[in-house]
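# Overview (structure and organization)
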Amino acid sequence: MQTAIIAADRARLISRPNPWVGAIIVTQSGEVFEGSTSRVGGPHAEISAIRAAGKLTVGATIYTTLEPCDHTGRTGPCTKAIIDSGITRVVVGIVDPDEKVSGRGVARLRQAGITVDLGLMANEITAQLAPYIHHRKTKRPFVVLKMATTLDGRTAAADGTSMWITGETARSRVQILRAQSDAVVVGAGTVRRDDPQLTVRDVEGDSPRRIVLGEVSNEARVNPCTQWRGSLVDLLDELGGQDVLQLLVEGGPTVAASFHREGLINQYVLHLAPALSGGNDGLGVFEGAGIATMADLWRGHIVSTQQLGDDLEIIIESNPQLQEKKK
């Protein structure tokens, strides 16, 4: 299953809006064959692995990170391919939360007399598929906020300049975050000040759809873009309906504060540079009034940390239990 997770990672940049899934077939003689989700319209991970194994699937075991589908969409059902292949055991990481699947795939395989085991490495796979799972459960994209900051919490100098706080390695990491996202959003102020393109550069993957909160000129390099004038909640609802699984927020402290205060951020990616602004006249991570008392602190939990050159990346997600205690 660990190998299947690695295979799923390789599909992350091409499979959306389908989930990125990995599948590994182990034959009776111990041979191993691998598959992962293709681009939309191509074979799912299980079918790719079955095609790779050929006739050796008879009596084999397949490990798949996500429950095989049992419906016909752009491709045929993976359950039928598994049954027809002669595979006798299926090990599934997690049940698919999509209402078209959710348990039906497992039930169909068991009805066919195939042994199905559930839950192997479920925590790791749930984290890997977090944007997909969130979208299927809420009908909204998984929102990732990325902010670069000095160690004393400043994202820009007093004159508004912010390039560059972090080094090249951290900036390359941002390119990966863009490639993993279906859309990226910034405020009109950021566009007017920095004139960013917000495209993917120097890494594999497609550039995300670009969204600007407010109006920008036709000459701005962010074009073509969607200029949004409604509420953030309505934006997430609309994007979710358009199969946007992950939205990257790359705006400044005003946009970041807007998403944060409405409780719309699922994951905070903070890049901390070994640099100090030395005062409080620069811009912080969030613009505007903060909490009135320490009892109102937002608290999350650290998902991961890694060093990016001289900089440090800290990924934080909301801790619902801690937020509930405050109520």
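Structure: above.
Report follows, based on the coordinates. This is a predicted model, so every value here is computed, not measured.

The helix and strand tally for the protein chain stands at 11 helices and 13 strands. Against the compact-globule benchmark of 20 Å for 327 residues, the protein chain has a radius of gyration of 22 Å, which places it among compact chains. The principal-axis extents of the C-alpha atoms in the protein chain amount to approximately 70 × 45 × 40 Å. Counting only contacts in the protein chain whose residues sit at least 6 apart along the sequence, the fraction spanning at least 24 positions is 71%. Total accessible area on the protein chain is roughly 15,700 Å²; 49% of this is exposed by carbon and sulfur atoms. Looking at the protein chain, you have 34 positive and 37 negative side-chain charges, and the mean spots of the two groups are 4 Å apart.

Turning our eyes to something else, we now look at the sheet that holds strand β8 (residues 209–213). Spatially, β9-β8-β7-β10-β6-β11-β13-β12 is the arrangement adopted by the 8 strands of the open sheet, whose pairing is mixed. The sheet is open, and its two borders are formed by β9 (226–228) and β12 (300–308), each paired with just one other strand. Adjacent strand axes in the sheet meet at a mean angle of 25° when their direction is disregarded. As defined by bridge partners, strand β6 (residues 142–150) adjoins strand β11 (residues 267–273) across 7 bridges and the pair is classed as parallel. Bridge pairing in β11 links A148 to H271.

Strand order in this open sheet of 5 strands is β2-β1-β3-β4-β5, and the pairing throughout is mixed. Looking at the sheet topology across the chains shown, the edges are occupied by β2 (32–36) and β5 (115–118). Across the sheet, the mean angle from the axis of one strand to that of its neighbour is 15°, orientation sign disregarded. Examined bridge by bridge, strand β1 (residues 22–26) and β2 share 5 bridges and lie antiparallel to one another. When the sheet's bridge partners are listed, G22 is paired in β2 with S36. Strands β1, β2 and β3 (61–66) of the sheet are contacted by helix α2 (residues 45–53), whose axis makes an angle of about 145° with β2.

About the thresholds
- Residue indices begin from 1 for each chain and proceed along its sequence in written order.
- Reporting in this predicted model follows two pLDDT cut-offs: at least 70 for local features of residues, and 80 or more for side-chain atom pairs to be given and counted; totals over whole chains, interfaces and linings ignore these cut-offs and use all residues.
- Derived side-chain values reflect all non-hydrogen atoms in the structure, with water molecules and hydrogen atoms excluded from consideration.
- We count a stretch as a helix when DSSP gives it H or I for four or more residues in a row; a strand needs E for two or more, and each element gets its number in order from the N terminus.
- Atoms counted for the radius of gyration: C-alpha only. Globule rule: 2.2 Å times the number of residues to the power 0.38.
- Throughout, a contact is declared for two residues whenever any of their heavy atoms are within 4.5 Å.
- Methods summary: accessible areas were calculated by the Shrake-Rupley approach with a probe of 1.4 Å, and residue burial reflects only the protein chains presented.
- Working convention for charge: Lys and Arg count positive, Asp and Glu count negative, and His plus the chain ends are omitted.
- Lys charges are placed at NZ, Arg charges at CZ, Asp charges at CG and Glu charges at CD.
- At least two bridges found by DSSP between two strands is the condition for calling them paired.
- Between the N-to-C directions of two axes lies an angle of 0 to 180 degrees, each axis being a line fitted to C-alpha atoms and, for a helix, fitted only over the stretch in contact.

Geometric descriptors of this kind do not, in isolation, establish any biological role.
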